[in-house]
Amino acid sequence: MKCSYEVIPRPVELGGGWRLRMLENGEEVGGGVFPIVLDDPQAGVTWWNDCGEPERGHWLAVAKSAVPADAWAAYQLAEAHADAEETAYDWLDSRASV
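In this text, all values refer to a predicted model and were calculated from it rather than measured experimentally. Position labels on residues start from 1 in each chain and follow its written sequence. Totals for whole chains, interfaces and linings use all residues, but because this is a predicted model, local features are given only for residues with pLDDT of at least 70 and pairs of side-chain atoms are given and counted only at 80 or more. Water and hydrogen atoms play no part in the side-chain values, which are based on all heavy atoms of the structure.

Undergrad: Pulling in residues and values, what's your account of the overall build of the protein chain?
TA: On a plain count of helices and strands, the protein chain comes out with three helices and three strands. Only DSSP runs of H or I with at least four residues qualify as helices, and only runs of E with at least two residues qualify as strands; both kinds are numbered from the N terminus onward. The N-to-C order of helical and strand elements in the protein chain reads β-β-β-α-α-α. To get the radius of gyration, use the C-alpha atoms; to get the globule rule, take the number of residues to the power 0.38 and multiply by 2.2 Å. Computed over the C-alpha atoms, the radius of gyration of the protein chain is 16 Å, more than 25% above the 13 Å expected from 2.2 N^0.38 for a compact globule of 98 residues. C-alpha atoms of the protein chain, sized along the principal axes, occupy 45 × 30 × 20 Å. When the 98 residues of the protein chain are sorted by exposure, 29% land in the buried category. Carbon and sulfur atoms make up 55% of the accessible area of the protein chain, which totals about 6200 Å². Only four residue types enter the charge count, namely Lys and Arg as positive and Asp and Glu as negative; His and the chain termini do not. Here the site of a charge means atom NZ of a Lys, CZ of an Arg, CG of an Asp or CD of a Glu. Taken together, the 7 basic and 17 acidic charged side chains of the protein chain have centroids lying 8 Å from each other. When a residue's accessible area, from a 1.4 Å probe over protein chains only, is under 20% of the maximum for its type it is buried; when over 50% it is exposed; and in between it is partly exposed. Each accessible area value is a Shrake-Rupley result obtained with a 1.4 Å probe; residue values ignore everything except the protein chains displayed when judging cover.

As structure tokens, this is what we get:
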């Protein structure tokens, strides 16, 4: 049995983030949705204030913007992707023992 996964971008109108598809022999057998959460501006302000200058610079560069809110969105997108991949890896590990 061949197991794999895909992490696919979700449209912004659906909440953005990522969709995980878990595949066995090319057929989808599970997955999940990993949206980004931008409707809490205070969370973004707190995150920004807790970042050091190098981290701020990194996320501004990733966002290709000088706007802290864009850096927050880039960070959230990266975190959602990491969560999707972690879920996929856990699933793949569970399939290895089957």
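Undergrad: Would you mind going over a negative patch on the surface in detail, with residue names and values included?
TA: Each patch is built from residues that are more than 30% exposed by relative accessible area and take part in no salt bridge. Like charges join if they lie within 9 Å; nonpolar side chains (Val, Leu, Ile, Met, Phe, Trp, Tyr) join within 5 Å. Within this document, salt bridges are pairs made up of a side-chain nitrogen of Lys or Arg and a carboxyl oxygen of Asp or Glu, the two lying within 4 Å of each other. Together, Glu79, Asp83, Glu86, Asp90 and Asp93 make up a region of like negative charge exposed at the surface. Look at Asp83 and you get partly exposed, because its relative accessible area is 39%.

Undergrad: So what's going on with the pairing of strand 3 (residues 27-34)? Which residues, and what values?
TA: Pairing between strand 2 (residues 18-24) and strand 3: seven bridges, direction antiparallel. If you follow Met22 over to strand 3, its bridge partner there is Gly30. Pairing between strands requires that DSSP locate at least two bridges from one strand to the other. Adjacent in sequence and paired antiparallel, strand 2 and strand 3 are bridged by two residues, among which Asn25 carries a positive phi angle near 50°.

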